[in-house]
Amino acid sequence: MLDKTYDPRAIEAKWYQHWEETGAFDCGRRLDAEPYCIVLPPPNVTGSLHIGHALDHTIQDILIRFERLRGKDVLWQPGTDHAGIATQMVVERQLDAEGISRRDLGRAAFVERVWKWKAESGGTITRQMRRLGASCDWRRERFTMDDGFSAAVLKVFVELHRKGLIYRDKRLVNWDPKLKTAISDLEVEQREVDGHFWHFKYPVDGEPGRYIVVATTRPETMLGDTAVAVHPSDERYQDLIGKYVLLPLTGRRIPIVADEHADPEQGSGAVKITPAHDFNDFEVGKRHNLAQINIFDDEARVNDNAPVAYRGLDRYDARKKVVADLEALRLVDKIEPRLHTVPYGDRSGVVIEPWLTDQWYVDAKTLAQEAIAAVEDGDTAFVPKTWEKTFFEWMRNIQPWCVSRQLWWGHQIPAWYAPNNTVFVAETEDEAYAQARAKLGGDIKLSRDEDVLDTWFSSALWPFGTLGWPEATAELARYYPTNVLVTSFDIIFFWVARMMMDGLHFMKDVPFKTVYIHALVRDEHGQKMSKSKGNIIDPLEFADKYGADALRFTLAALETQGRDMKLAEKRVEGYRNFATKLWNAARFCEMNGATDASGFDPSKAKLTVNRWIISEVARTASQVTQALEAFRFSDASLAIYDFIWGTYCDWYVELIKPLLMGADAAAKAETQQTAAWAMDRMLTLLHPFMPFVTEELWHALGAKRDNDLILSSWPTGYDTLIDNDACAELQWLIKLITEIRSVRAEMNVPPAAKAKLLVQGASALTRQRLLTHDDVLKRLARLESIAAADAAPKGAVQLVVDEASFFLPLADIIDIAQEQARLQKTIEKLHAEIKAIDGRLNNPNFTAKAPEAVVLENRAKRDEAAEAAAKLTVALKRLEAVG
């Protein structure tokens with residue numbers, strides 16, 4: 001027997017262990033079936049599950065469980081990313097606590113220490129994924145640094161280098177002066193800070209007393225200026241284009257160039273150009289063949305390329321000295337306070353320096369062409385389609401991809417240098433030496449490049465590297481290309497595009513047919529989550545409090561294409577109540593012998609109520625299937641929710657109680673089997689969303705079952721079971737009962753009071769339905785009697801259903817005048833509340849100073865009050881008509 005109370009803690013761990021131990025998640029169980037594959041975006045091995053992961057994994061698991069139930073040979077390929085910077089920092093912090101630096105250990109010992117940490121602590125996030133029900137094939141779990149995957153990474157690097165698509169170059173990078181490594185744009189956090197706009201006067205060479213004013217937020221970089229730019233059409237500077245200024249403090253003579261990068265509307269219209277320390281300036285420098293003077297070392301201290309007075313200074317100390325020295329020369333025109341955006345390293349927390357350095361680059365522009373064509377031709381589709389525009393914008397403006405990092409943890413770049421700096425790129429050291437001997441002859445000593453590869457370089461191989469490439473494995477042949485990639489918008493460029501580039505280049509096919517871009521999870525007020533705001537939601541806390549099923553269903557129900565979701569704890573609690581409702585319906589079935597649908601043929605059902613519920617099952621199955629096929633997760637979840645809570649629990653259960661308790665054995669047997677059949681189908685439809693509770697009920701209600709729900713069959717082919725006449729009749733009945741209940745609630749009719757129902761203008765069909773459902777109407781609508789009326793009676797509330805008018809005489813049950821006064825008072829109170837809220841919302845001082853969450857809360861309260869007032873106004877008019 002099922003427990004009286006639904007307790008997710010009692011069932012969730014049990015069923016996950018059962019599924020994993022019995023191989024329910026394993027691919028290859030159905031070799032004659034159509035393959036279906038999703039690769040899990042590999043979370044960082046250092047990571048813990050956050051709410052974004054929970055959404056991402058829930059969506060993937062819904063698709064995987066759905067297709068598994070549809071009979072496909074499903075592979076959800078799991079794994080984790082070695083997360084170069086993040087992992088190295090974790091281990092370095094441990095060493096710091098022990099008073100040791102990684103350089104004290106040396107590279108080999110440090111890397112060994114990282115592997116030790118990974119073995120002890122690297123499985124946290126995959127354990128947390130299990131907690132939420134992720135049905136990955138864990139036998140096949142991969143790690144971006146495991147031997148097979150590492151071999152694939154080296155092979156890709158060597159082959160791209162051989163084809164000229166990887167090369168070494170001196171370019172600007174995002175340089176972290178604390179970690180002393182280049183980092184990707186995704187690892188840069190833009191922060192708004194209060195700073196200044198310094199306006200400096202640069203003397204025009206050969207024209208004493210004439211200056212050109214430039215403005216900057218970074219005065220120290222002027223030591224590396226190599227030009228001043230003005231807009232070609234700026235009339236103020238036409239006579240200066242091609243002339244020179246004398247760069248203060250350095251004495252260098254630098255040109256004035258015409259370039260559209262200069263904005264005539266901003267400041268003086270003239271801008272200083274520092275190609276070695278600004279990304280835009282770097283491009284200007286290339287256009288005008290300007291010198292690139294790097295004035296900082298790897299710790300952002302001024303180097304020997306600057307005048308002696310500034311060498312060795314930290315960049316901020318250099319800033320103070322540059323400003324002071326220019327003020328002493330009377331070359332500071334003005335200083336303005338300025339709120340501006342500054343790039344910070346998301347790991348180190350220090351300001352990132354655009355820094356000119358030698359790095360390894362991928363020719364992304366060449367590789368991008370096939371990826372662009374694949375999306376244009378529909379080989380890969382984005383859902384929602386609007387993200388394709390973002391993809392094209394990024395790809396058509398793509399820059400060389402810096403893939404080297406100055407770290408120890410990661411895939412060490414397979415490049416070896418001879419004493420004369422000739423580089424040899426090979427998969428192994430032996431191959432590098434063979435190349436060197438062939439080119440240089442004799443016995444030479446090679447040294448390996450100390451840098452490692454960007455983690456995005458290795459994760460770009462994920463769809464085919466996890467399947468065994470470069471070996472020609474059976475899994476690679478069967479599951480590549482994969483079906484769907486589920487991810488967030490922020491890594492379309494960093495990961496999705498790069499997987500497409502590598503997949504098309506090495507596999508000659510796209511890595512996935514569909515890219516589903518899911519929503520961003522915000523707090524209940526629509527604000528982005530952050531530690532500083534204190535609004536971080538821990539998915540595991542919700543799972544422990546309400547059950548993983550409730551959290552999963554909440555995320556699915558809120559996942560609407562193209563719209564961020566607002567996640568409130570009340571929603572999770574509400575869907576826990578939904579699971580409880582299902583549990584209680586299952587107990588109802590169990591207590592009434594409705595647990596065995598074996599041998600039941602739904603097409604043979606005779607009773608209208610049973611034909612109706614069978615039809616509703618068929619319609620719901622179709623709705624859920626179509627929605628999941630179109631990645632409309634909200635529509636799918638709400639369709640099954642409405643069916644279970646509304647159609648089955650609220651109506652079908654109530655409608656069949658007399659049949660289950662009655663003396664008609666045939667009607668009882670048919671109803672028991674129908675109820676069991678419908679319960680089985682709705683458990684199956686709900687399983688992708690709520691796997692734990694559905695599996696528990698599947699076995700509780702089917703003691704003789706020899707299969708798990710997870711490996712059962714999806715409801716399909718039910719269209720012929722839809723009985724439109726039965727549906728029309730039951731929908732009429734439900735509508736009439738609902739209307740009567742609504743009037744009773746509006747008019748404050750006591751629950752125990754039974755009213756008469758009079759009907760006028762009823763057709764023969766309606767009269768027949770009233771006769772057929774007389775007992776049900778009286779029981780569920782709390783009616784004393786149902787009778788025909790020639791005219792509208794006095795003191796009665798009217799309601800219309802189809803062609804008939806129905807009347808509820810209430811004058812003898814409630815005090816009409818008293819109810820009118822109550823409603824009028826409540827409406828006036830609501831209008832006063834609306835007026836007060838409008839006053840706050842229309843007050844600029846309030847909206848400017850109040851936190852965004854408070855403003856949003858006020859708007860929500862206003863909408864609620866307005867809706868309530870509108871409903872009560874309708875009820876008041878009904879009462880006035882009665883009076």
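Heads up: these notes are all about the structure in this document. All values reported here derive from a predicted model rather than from experimental measurement.

1. As for the overall build of the chain
- If you tally the helices and strands in the chain, you get 29 helices and 29 strands.
- Along the longest, intermediate and shortest principal axes, the C-alpha atoms of the chain span 110 × 65 × 55 Å.
- Relative to its full complement of 883 residues, the chain shows a buried share of 54%.
- Put simply, of all contacts in the chain between residues at least 6 apart along the chain, 77% involve residues at least 24 apart.
- For the chain, the exposed area adds up to about 38,800 Å²; of that, 48% sits on carbon and sulfur atoms.
- A distance of 3 Å separates the average location of the 110 positive side-chain charges in the chain from that of its 129 negative side-chain charges.

2. Topic: the pattern of salt bridges
- What the rule picks out here adds up to 56 salt bridges.
- Among the ionic pairs, aspartate 205 bridges to arginine 253, the shortest N-O distance being 2.7 Å. Of this pair, aspartate 205 sits in the loop between β7 (188–203) and β8 (211–216) while arginine 253 is found in strand β11 (residues 253–258), placing the two residues 48 residues apart along the sequence.
- By relative accessible area, which is 28% here, aspartate 205 ends up partly exposed.
- Of the charged contacts in the structure, one is a salt bridge between arginine 611 and aspartate 723, with a shortest N-O distance of 2.6 Å. You can see arginine 611 sitting in helix α20 (residues 608–629) and its partner aspartate 723 sitting in the loop between α23 (691–701) and α24 (724–746), a full 112 residues away along the chain.
- By sharing partners, the salt bridges in this structure join Glu34, Glu67, Arg70, Lys72 and Glu629 into a single network.

3. So, the sheet that holds strand β9 (residues 227–230)
- Taken in spatial order, the 4 strands make up an open sheet running β10-β11-β9-β12, and their pairing is mixed. The open sheet has two edge strands, β10 (244–246) and β12 (270–273), and neither has a second partner. Neighbour-to-neighbour, the strand axes of the sheet open up by a mean angle of 30 degrees, direction not taken into account.
- The pairing of β9 with β11 spans 3 bridges and is classified as parallel. By the bridge assignment, valine 230 is partnered in β11 with alanine 258.

4. Section: empty space enclosed by the protein
- Going through the model one piece at a time under the given rule, you end up with 1 cavity of 30 Å³ or more.
- Computed from the structure, the largest cavity encloses a volume of approximately 50 Å³.
- Every residue lining the largest cavity is listed: Ala24, Asp26, Arg29, Arg30, Arg68, Lys72, Asp73, Val74 and Leu711.
- Its residues placed into classes, the lining of the largest cavity shows 3 nonpolar, no polar and 6 charged.

5. Describing the nonpolar core
- Counting residues in each nonpolar core, the largest one holds 148 residues, and the members touching the most others are Trp612, Tyr648, Met679 and Phe806.
- It is helix α21 (residues 633–661) that contributes the most residues to this core, 14 residues altogether.
- Aside from chain neighbours lying at most four places away, what touches methionine 679 is Leu582, Ala585, Ala586, Cys589, Tyr648 and Leu701.
- Judged by nonpolar contacts, the second largest core, of 62 residues, contains Val375, Ile413, Trp456 and Val496.

6. Here's the deal with the sheet that holds strand β27 (residues 783–788)
- The strand order across the open sheet built from 4 strands is β27-β26-β29-β28, with neighbouring strands paired in mixed fashion. Looking along the sheet, the strands with just one partner apiece sit at the ends: β27 and β28 (796–801). Neighbour-to-neighbour, the strand axes of this sheet turn through a mean angle of 25 degrees, independent of strand direction.
- For strand β26 (residues 755–760) and β27, the ladder comprises 5 bridges, and the chain directions are parallel.

7. A closer look at the packing of aromatic side chains
- Evaluated as defined, the whole model comprises 42 aromatic pairs.
- Taking the centre distance of 4.7 Å and the plane angle of 45 degrees together, the rings of phenylalanine 578 and tyrosine 641 count as tilted. Of this pair, phenylalanine 578 sits in helix α19 (residues 569–591) while tyrosine 641 sits in helix α21, and the two are 63 residues apart along the sequence.
- Overall, the relative accessible area of 0% leaves phenylalanine 578 in the buried class.
- Relative to tyrosine 652, the ring of tryptophan 612 lies with its centre 6.4 Å away and its plane at 50 degrees, an arrangement referred to as tilted. Pair noted here: tryptophan 612 is in helix α20 and tyrosine 652 is in helix α21, with a separation of 40 residues, a long-range link.
- Residue tryptophan 612 is classed as buried on the basis of its relative accessible area of 2%.

8. Here we look at α20
- With 22 residues, α20 ought to run about 32 Å at 1.5 Å a step, and its terminal C-alpha atoms sit 32 Å apart, in line with that.
- At the C-terminal side of α20, phenylalanine 631 shows a positive phi close to 60 degrees.

9. Topic: the environment of phenylalanine 489
- Relative to the helices and strands, phenylalanine 489 resides in the loop between β22 (482–487) and α16 (492–507).
- Once the C-alpha coordinates of phenylalanine 489 and glutamate 220 are considered, the two residues, 269 residues apart in sequence, prove to be 36 Å apart.
- The residues contacting phenylalanine 489, other than those within four sequence positions of it, are Trp387, Trp394 and Ile517.

10. As for the layout of surface pockets
- The computed volume of the second largest pocket comes to approximately 1,200 Å³.
- What lines the second largest pocket is a set of 43 residues, and nearest its centre among them are Thr216, Thr217, Arg218, Asp278 and His340.
- Elements with a minimum of two residues in the lining of the second largest pocket: β7, β8, β12, α8 (279–288), α9 (315–328), β13 (332–345) and β14 (353–362).
- Here the lining of the second largest pocket gets 7 residues from one element, more than from any other, and that element is β7.
- Within the lining of the second largest pocket, the residues separate by chemical class into 15 nonpolar, 17 polar and 11 charged.

11. Here we look at the side chain of asparagine 535
- When you line up the elements, asparagine 535 lands in the loop between β24 (521–523) and α17 (539–546).
- A polar contact of 2.9 Å, which involves the side chain of asparagine 535, links it to the side chain of aspartate 523.
- Here asparagine 535 is in contact with Asp523, Gln527, Lys528, Met529 and Ser530, once residues within four sequence places are set aside.

12. Some remarks on helix α6 (residues 124–131)
- Restricting attention to buried positions, one finds in α6 the residues Ile125, Thr126, Gln128 and Met129. The arc that holds the buried residues of α6, viewed along the axis, is 160 degrees, so those residues lie on one side.
- Among the residues trailing α6, glycine 133 stands out with phi positive, at a value near 95 degrees.

13. Looking at a negative patch on the surface
- Where like charges cluster on the molecular surface, the negative patch consists of Glu427, Glu429, Asp430 and Glu431.
- Among the structural elements, aspartate 430 can be located in helix α12 (residues 429–440).

14. Here's the deal with the pairing of strand β23 (residues 512–517)
- Along β23, 5 of the 6 residues are buried, which leaves the element largely enclosed by surrounding structure.
- Sheet topology note: the strand β15 (residues 381–383)/β23 ladder contains 3 bridges and is parallel. Its bridge partner being in β23, phenylalanine 382 is matched across the sheet by valine 515.
- Bridging between β22 and β23 involves 5 bridges; their strand directions are parallel. Across the sheet, the residue bridging to leucine 485 is valine 515, located in β23.
- Handedness of the β-α-β unit built from β22, α16 and β23 comes out right-handed.

15. Quick word on the side chain of aspartate 225
- As for its placement among the helices and strands, aspartate 225 is situated in the loop between β8 and β9.
- At a separation of 2.9 Å, a polar atom in the side chain of aspartate 225 contacts the side chain of lysine 272.
- Apart from residues lying up to four places away in sequence, aspartate 225 is in contact with Tyr202, Leu247, Arg252, Ile254, Lys272, Ile273 and Thr274.

16. Digging into the environment of leucine 331
- Relative to the elements of secondary structure, leucine 331 occurs in the loop between α9 and β13.
- The sequence separation of leucine 331 and valine 213 amounts to 118 residues, and the corresponding C-alpha distance is 9.2 Å.
- Beyond its immediate sequence surroundings of up to four residues, leucine 331 is in contact with His199, Phe200, Lys201, Tyr211, Pro248 and Leu326.

17. Thoughts on the packing of α19 against α21
- Two elements in contact, α19 and α21, have axes whose closest approach is 11 Å; the angle formed by their N-to-C orientations is 30 degrees. Classified by the interaxial angle, the pair formed by α19 and α21 is roughly parallel. Judged by the sense of rotation from one axis to the other, the crossing of α19 with α21 is left-handed. The residues of α21 that touch α19, namely those facing Tyr575, Asn577, Phe578, Lys581, Leu582, Ala585, Phe588 and Cys589, are Leu638, Tyr641, Ile644, Trp645, Tyr648, Cys649, Asp650, Val653, Ile656, Lys657 and Leu660.
- Residue composition of the contact of α19 with α21, by class: 15 nonpolar, 1 polar and 3 charged.

What counts, and where the lines are drawn
Residues numbered from 1 in each chain as written. Predicted model: local features only at pLDDT ≥ 70, side-chain atom pairs only at ≥ 80, totals over all residues. Heavy atoms only, no water. Helix = DSSP H or I, 4+ residues; strand = E, 2+ residues; numbered from the N terminus. Buried < 20%, exposed > 50% of the residue type's maximum accessible area, 1.4 Å probe, protein only. Contact = heavy atoms within 4.5 Å. Areas by Shrake-Rupley, 256 points an atom, 1.4 Å probe, with all protein chains shown as cover. Lys, Arg positive; Asp, Glu negative; His and termini not counted. Charge placed at Lys NZ, Arg CZ, Asp CG, Glu CD. Salt bridge = Lys/Arg side-chain N within 4 Å of Asp/Glu carboxyl O. Pairing = 2+ DSSP bridges. Axes fitted to C-alpha atoms, helices over the stretch in contact; angles between N-to-C directions. 1 Å grid on protein atoms, 1.4 Å probe; cavity = no way out; pocket = protein on both sides within 12 Å on 5 of 7 lines; lining within 4 Å. Points joined across faces, edges and corners; volume = space filled by probe spheres on them. Nonpolar A, V, L, I, M, F, W, Y, C, P; charged D, E, K, R; others polar. Core = buried A, V, L, I, M, F, W, Y, C linked by side-chain atoms within 4.5 Å. Phe/Tyr/Trp six-rings, centres within 6.5 Å; stacked < 30°, edge-to-face > 60°. Expected span 1.5 Å × (residues − 1). Polar contact = N/O pair within 3.5 Å; in protein donor to acceptor, adjacent residues only side chain to side chain. Arc of directions from axis to C-beta. Patch = residues over 30% accessible without salt bridge, like charges linked within 9 Å, V, L, I, M, F, W, Y side chains within 5 Å. Right-handed = clockwise from strand over helix to strand, strands pointing away. Parallel < 35°, antiparallel > 145°, perpendicular 65-115°, else oblique. Left-handed = near helix turned anticlockwise from the far one by under 90°.

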